[in-house]
Amino acid sequence: MRRYSTMVWGGLCLSAATPVLAQGEPSGHPAAGPVPASSASVTQLAPLTVEGMISRADLVQPPIASSIVDTAAAMTDVPGGALIDNGGLSGQVQFRGLTGYRNQTTIDGMGVAPGGPNWMDPPLHYAPAALVESLTVTRGIPSVADSVDTIGTAVNATTRQSHYARGENYEWHGWGEATTQTVDDGYSLSGQTSLANDINRLGLTAVTDHAANRRTPYGKLKASSYDRKQYGLDFGHREAWGESSGFVRMQRTGDTGNPDLPLDVHYFHSALAELKQRADIGRTHFTAQLDFNHVEHKMDNYILRPTPNFSPLNGDMSDPRYIRARSQRYAAKLHAAHPLAGGTFKAGFDGSWVQHDAFVGNPKMAAFRVDAFDAIRRDTYSLFSQWAGPISGPWHGELGVRDSLVHTSAGPGGVASSLPVPAQRLAADFAARDRNQTDNNIDVVAKLSRDIGRRWQAQLGLARKTRSPYYTERYAYIPLQATAGSADGNNTIGDTRLSPEVAYMADLGLSFTGRRLSFSPEIYYHRIHDYITAVPYDGGNPDVIRVSTVNGDPTPLQYANVQAEIYGADIAAAYKLAPAWTLSGGAGYTRGRRTDTGDNLYRIAPANMRAKLVYDRAAWRLSVAERYVFAQHHIAESHRDARLGDPDTGGYALTDIAARYRATAHVWVEVGVDNLFDRRYRDFMSGFNRVDGSAVPVGARLPGAGRNAHATVHVSF
C-alpha cells in the first residue's frame, strides 16, 4: 500500500442556522410514511437529531410528484435548484450553478460512482422516483460532516424501506403503485412488501419504468425512450445499544435514449450494497458504514438512432461506435458524536476507493479499439472535526474543518495499431506522462445564526471548500465527447496538471415564520479559484486537432483551471389563504462568470419563478401550479460550436394541474395534466439534438415535453 502523508488537523464547531424544513406539499407517495415537505414554504422546527448530532442545517425537501420518473427532476422545486436534462433517466442535479460531481449526491447516505464517462447514470439514476420517500437538499453551505471533496450542496435520496412494527409479533406490510402517462406512453410499476416486529425487519422492493419516445409540440423525439428495472432487499435489527441495517439492490437499465449525447444507453448492469451500524456507548453515538457499487455499462450510436456519419475518413459510410465502461466503488466511514460545551462535537473518517475503465470499439471493425480510460483510480482519505451548538442566548454557531487526501492515477491507455498515426502519438505521449497526482485539500465551514424574536432568524455562512479534478478532466487524452454529460457538442481532452478547485463561499439568509405567512430569502457569492471548465484548445499539439477532426469536431476543447465567480439569490415563501387553501412559491437567480476573461460559465440555469395553489380538505386534494422560466442570454462563448443552433433560449410559462382522491385509508388515486396548454418551449438545461430524423434537426436545441396526462393508483396494506 502506498504511503500517505500524515494529516494534521483540528477544529471546533459552532452551528448556524435553525433547521428549516419546507412544509406543505405532500409527496406523491404518502402511504410510505411521514409526508415529505415542500421547498415552497418554511417552518421553524425544533433541533433535528441526525445520527446523534444536533443538526442546525438549512434543509429543504421538494415534492416527489407521481408523474416524476427521474428523481433529479424534483430539483426544479428547490430554491436555487435545477435539472440538467440529458435524457429520461439521466438527469443531473444543479444547485446555485454547480452541477453534477460538484455536489455530493447520495442514496440513503451512500455515494455512487457512475459507470459511464458521460454520466448517463448519475447517482440519482439508481434511486427511481417511485421508490424515493424524500429528497433532502442542503440549502446553502453543507457542514464538513456532510460533504467530502465537493464545493456544491449535499443531496440525499431516502428510499422507501421496511419499518419496524410496534410489538414482538411479526407483521406483514406492503404497498403497490401503478402510474401511466401519455407524453411517452410510459408506465411505472412499483411495490414493496416487508415482514417486521419491534426488533427485526426485512423488506423486498421492485420497480420497473418503461417508456417509448417522448412527444413534444414539434413531434416525437427519437432516442428518448427508456427502460429500467430495480430489485432490492433491505434489513434491520436493533437492540437497546444500537441498530444494524443494510440493503442490496440490483438494477438493469435497458435501451435508453440520450438525444443530446453522442451515444445512447444499451445497458447498465449494476449492483449496490450498504451495511450500517449505529451504536451508543455512554453519551457517544457511533456510526460505521460500508458501501459498495459495481456498474457494467455499454453505450452505442446505432441501436436507438440512425447511425451517424461523422468521420471524414469513411467518406459517405456510417460510423458506428460503442463504448464498454465499468466502475467500482468501495467506501467506508466511521463517525462519532459526543455532547460538548452545550452542543455536539462530531469527528470522523470517510474513505472511498474508486476504479473506472472504458474503451471505444467499432462493431464493423474488430481491430478498432481505444482504451480511452484505462485503470483509473481515485482514492480518498478524509478526516473531519466539527462542533455545533448554542453560543449565547439567541446565537448559534458551527465551525468545522476537514482534511482530505485525494490520490488519482491512470494506466497508460493505448489505441489499436490499425488507427491513424496521430492517435498513436497521442496515446504514446499520454503513456509517457506522470499520471499519479495527490491533492491535500482543506475545507473550513463556519456558520452563525441569531434568533430575532420568535419569528425572525438571520443566518450567515462562510466556507472554504475544495474539489479535486474528476477523472475525465485529468485523464481524457483522446478528444471525445466523454465529458460527464456536458452535452455541448464538443470533443474535449483533459490535463494531468489540473489543480483542485478552491471555493470561497458566503451565504446570507433571513427567514420569517408567521401564523399564516412564511418566507426565506437568501443571497450568496462564491469566488472559485482554479475553477475547472473546458476552453478552446490552444493548438499546442496538432495531433489533437487531427484526431478530433476525424472524430467529428475540428474545434476541440481542453479542461483548464480558470478564475470564476457565482452569485445570486433565491427565495421560498408560502401563505395560508384559508384552512383548506395554501399559496406557495419561490424564485431564483444565478449568475456565473469567469473573472479572468469575463466570459459566462457554461450551462447555468436561467432565472425562474413558480407558484402553486393547493386545496386540501377531507379526501380531496387539488392543485394548480405555474412555472415561469426567463430567457437565458448569458452564454459561455468558449462552448459555442458552429454545428449547433443558437444556444440562447426564450422565456416560457408552464401550467400543471392535479387532483387526488383518497378512497380509503389504504387506497388513493391521482390524475393530472402537465404542460396543460401544450406550450412549445426549449429548456436551456437540455442539450442539442444529435439524432437524425427526429422532431427537430440535428444541432437544434431539444424542445420540452408536450402535454402529459398522467394517472396513479396506490394501494397499501
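Details of the structure are given in the entry above.
What comes next concerns the included structure. (Residues numbered from 1 in each chain as written. Predicted model: local features only at pLDDT ≥ 70, side-chain atom pairs only at ≥ 80, totals over all residues. Heavy atoms only, no water.)

A few points about the packing of aromatic side chains
Here's step 1: Applying the stated criterion to the full structure yields 18 aromatic pairs.
Here's step 2: Between F292 and Y330, the ring centres sit 5.1 Å apart and the planes meet at 45 degrees, which makes this aromatic pair tilted. Remark: Y330 occurs in strand β22 (residues 322-340) and F292 occurs in strand β21 (residues 284-300); sequence separation between them is 38 residues.
Here's step 3: These aromatic residues form a ring-pair network of at least three members: Y101, W119, F373, Y470 and Y471.
Here's step 4: Lying over the aromatic face of F247, R249 brings its terminal NZ or CZ to 3.8 Å of the ring centre. (Phe/Tyr/Trp six-rings, centres within 6.5 Å; stacked < 30°, edge-to-face > 60°. Helix = DSSP H or I, 4+ residues; strand = E, 2+ residues; numbered from the N terminus. Lys NZ or Arg CZ within 6 Å of the ring centre and 35° of its normal.)

Quick look at the sheet that holds strand β6 (residues 81-84)
Here's step 1: Here we have 3 strands laid out as an open sheet, ordered β6-β7-β8, and antiparallel in their pairing. At either margin of the open sheet sits one strand with a lone partner, and together these are β6 and β8 (98-99).
Here's step 2: With 2 bridges joining them, strand β7 (residues 92-95) and β8 adopt antiparallel strand pairing. The residue of β8 that forms the bridge with F95 is L98. (Pairing = 2+ DSSP bridges.)

Some remarks on the pairing of strand β24 (residues 365-392)
Here's step 1: Pairing between strand β23 (residues 343-362) and β24: 17 bridges, direction antiparallel. Pairing of G361 across the sheet is with R369, part of β24.
Here's step 2: Linkage of β23 to β24, two consecutive antiparallel strands, is achieved through a turn of 2 residues.
Here's step 3: Sheet topology note: the β24/strand β26 (residues 414-415) ladder contains 2 bridges and is antiparallel. If you follow D371 over to β26, its bridge partner there is G414.
Here's step 4: Hairpin geometry of β24 and strand β25 (residues 395-409) is characterised by an intervening segment of 2 residues between the two adjacent antiparallel strands and by a positive phi of about 55 degrees at G393.

Describing the packing of helix α1 (residues 421-432) against helix α3 (residues 542-550)
Here's step 1: Running from N to C, α1 and α3 cross one another at 125 degrees; their axes reach a closest spacing of 9 Å. Between α1 and α3, the angle falls in the class oblique. Pair α1 / α3 crosses with left-handed handedness. Residues P422, A423, R425 and L426 of α1 touch α3, and the partners they reach there are D543, V544, R546 and V547. (Axes fitted to C-alpha atoms, helices over the stretch in contact; angles between N-to-C directions. Parallel < 35°, antiparallel > 145°, perpendicular 65-115°, else oblique. Left-handed = near helix turned anticlockwise from the far one by under 90°. Contact = heavy atoms within 4.5 Å.)

Looking at the environment of Q424
Here's step 1: Within the fold, Q424 resides in helix α1.
Here's step 2: Contact partners of Q424, with chain neighbours within four places excluded, come to V415, A416, S417, S418 and L419.
Here's step 3: Within polar-contact distance, the side chain of Q424 engages the backbone oxygen of A416 at 2.7 Å. (Polar contact = N/O pair within 3.5 Å; in protein donor to acceptor, adjacent residues only side chain to side chain.)

Concerning the sheet that holds strand β9 (residues 104-107)
Here's step 1: With respect to topology, 5 strands assemble into an open sheet ordered β5-β11-β12-β9-β10, the strand pairing being mixed. The sheet is open, and its two borders are formed by β5 (59-60) and β10 (110-111), each paired with just one other strand.
Here's step 2: In terms of strand pairing, β9 meets β10 through 2 bridges, oriented antiparallel. Across the sheet, residue I107 finds its bridge partner in β10, namely M110.

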